[in-house]
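# Observations on chain architecture
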Amino acid sequence: MKYLVFNSKKEASKEAYKILRSLIDENSTLGLATGSTPTDLYEEMITDYKAGNFSYKNIKSYNLDEYVGISYDHPESYHKFMETNLFDHVDIDKANTHVPDASAEDLEGALKSYQEALNNANIDVQLLGVGSNGHIGFNEPGTSFEAGVHVVDLKEDTIQANSRFFNNDINLVPKQAVTMGIKDIMRAKNIILLAFGKAKQDAIRSLVEGDKVTEDVPCTILKNHPSVYVLVDKEADFQ
Ligand code: F6R
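What you are looking at is a predicted structure, and each value in this text was computed from that prediction instead of being measured.

### Digging into the overall build of the protein chain
Across its full length, the protein chain holds 7 helices and 10 strands. For the protein chain, whose C-alpha radius of gyration is 17 Å, the value lies close to the compact-globule estimate of 18 Å for 239 residues. Counting every position in the protein chain, which comprises 239 residues, the buried fraction comes to 55%. Relative to all contacts within the protein chain whose residues are 6 or more apart in sequence, the contacts with residues 24 or more apart total 79%. For the protein chain, the computed accessible surface area is about 10600 Å², with 46% contributed by carbon and sulfur atoms. Taking the 24 positively charged and 37 negatively charged side chains of the protein chain as two groups, their mean positions are separated by 5 Å.

Shown next, in the form of structure tokens:
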């Protein structure tokens, strides 16, 4: 595991982009994340695309998760997030982008087909943020490391943390999500995890310090992955 500390989210995201570029080519498959963590990295990707240095025409992408119970058009759906923060600004073919279908009438069927798609995906780089409770994707503490794509009941602290995107009203925050499982995340060839702000410090300590791997802190599974880059700002650094 490479652990790198930066003065700011911006600096960390610039380096994360350099690392990403060193790991992919224009035919690669990306695993993407939402939330506030990857936004500056997505800006770096857009800037470099606009400068003519990289094309997404043949890039495929698979997102980690999506809320259950809000429509794709909802401004806080992860479908919408990806369009607003990345897909609408680069030449990616939307047919090559995949976000779990969490509003399907046949949710079981939708989980199955996302699982099948992931099984055939061969993700070159998976981008991750981390929850303050150590969740990756929406694999909350206690989730089996053997889990594949599944519906999750979001923990109270996750709902609380995400209420900032929903007028700070926890009643508006979806209580369930569909997420890739830990097993799916671990299958990526490379992983880049970003973490910013003091709230992430404990999760980062559990991930980087020592060798304890526990389902109580899902991100600790990454200690067992052969190619992980962890980039944090100094507030998230635990040392
Ligand atoms: C988002 C995701 C989550 C977030 C995590 C941190 O697709 O899978 O694990 O990465 O909740 O969220 P932010 O970045 O908003 O602090």
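### As for the site of the ligand
Around the ligand lies a shell of 13 residues, among which T37, D65, H135, G137 and K200 are the nearest. Taking S36, its main chain carries an N or O atom lying 2.9 Å from an oxygen atom of the ligand. At 2.8 Å from an oxygen atom of the ligand is found a side-chain nitrogen or oxygen belonging to K200. In isolation the ligand has 400 Å² of accessible area, and contact with the protein removes 94% of it. Class assignment of the residues belonging to the shell around the ligand gives a composition of 3 nonpolar, 7 polar and 3 charged.

### Concerning the packing of helix α1 (residues 9-23) against helix α2 (residues 39-50)
Packed helix pairs are specified by the crossing angle of their axes together with the interaxial distance, meaning the distance between the axes. At a minimum axis distance of 8 Å, the contact between α1 and α2 shows a crossing angle of 55 degrees. Classified by the angle between their axes, α1 and α2 sit oblique to one another. Regarding α1 and α2, the two cross each other, and that crossing is right-handed. Together, K9, K10, S13, K14, A16, Y17, L20 and R21 of α1 and T39, D40, L41, E43, E44, M45 and D48 of α2 make up the contact between the two elements.

### As for the packing of α2 against helix α3 (residues 78-85)
The interhelical angle for the contact between α2 and α3, taken along N-to-C directions, is 45 degrees, at an axis separation of 10 Å. With respect to α3, the element α2 is oriented oblique. Facing α2, whose interface residues are T39, Y42 and I46, α3 presents F81, M82 and N85. Grouping the amino acids of the contact of α2 with α3 by side-chain chemistry returns 4 nonpolar, 2 polar and no charged.

### A look at helix α4 (residues 107-119)
When the terminal C-alpha atoms of α4 are compared, their 18 Å separation across 13 residues agrees well with the 18 Å that a helix rising 1.5 Å per residue should span. Turning to α4, its buried residues are A110, L111, Y114, Q115 and L118. The buried residues of α4 all sit within an arc of 135 degrees when viewed along its axis, so they share a single face. Exposed and oriented more than 90 degrees from the buried face of α4 are E108 and K112. Among the structural elements, β3 (60-63), β5 (97-98), β7 (150-153), β8 (176-179) and α6 (182-186) are those in contact with the buried residues of α4.

### Side note on the pattern of salt bridges
In total, this model carries 9 salt bridges according to the counting rule given. The partner of D48 in a salt bridge is R21, with the nearest N and O atoms 3.1 Å apart. On the criterion of sequence distance, the pair formed by D48 in helix α2 and R21 in helix α1 is long-range, its members being 27 residues apart. Here K189 and D124 are joined by a salt bridge, their closest N and O atoms 2.7 Å apart.

### Some details on the side chain of D65
As for its placement among the helices and strands, D65 is situated in strand β4 (residues 65-67). Buried charge without a salt bridge: D65, with K200 as the nearest opposite-charge side chain at an N-O distance of 12 Å. A polar contact is formed between the side chain of D65 and the backbone nitrogen of F138, at a distance of 3.4 Å. Discounting chain neighbours no more than four positions away, the residues touching D65 are T34, Y78, V99, P100, G137, F138, V178 and T179.

The rules behind these values
- Residues numbered from 1 in each chain as written.
- Predicted model: local features only at pLDDT ≥ 70, side-chain atom pairs only at ≥ 80, totals over all residues.
- Heavy atoms only, no water.
- Helix = DSSP H or I, 4+ residues; strand = E, 2+ residues; numbered from the N terminus.
- Rg over C-alpha atoms; globule rule 2.2 N^0.38 Å.
- Buried < 20%, exposed > 50% of the residue type's maximum accessible area, 1.4 Å probe, protein only.
- Contact = heavy atoms within 4.5 Å.
- Areas by Shrake-Rupley, 256 points an atom, 1.4 Å probe, with all protein chains shown as cover.
- Lys, Arg positive; Asp, Glu negative; His and termini not counted.
- Charge placed at Lys NZ, Arg CZ, Asp CG, Glu CD.
- Near = heavy atom within 4 Å.
- Polar contact = N/O pair within 3.5 Å; in protein donor to acceptor, adjacent residues only side chain to side chain.
- Nonpolar A, V, L, I, M, F, W, Y, C, P; charged D, E, K, R; others polar.
- Axes fitted to C-alpha atoms, helices over the stretch in contact; angles between N-to-C directions.
- Parallel < 35°, antiparallel > 145°, perpendicular 65-115°, else oblique.
- Left-handed = near helix turned anticlockwise from the far one by under 90°.
- Expected span 1.5 Å × (residues − 1).
- Arc of directions from axis to C-beta.
- Salt bridge = Lys/Arg side-chain N within 4 Å of Asp/Glu carboxyl O.

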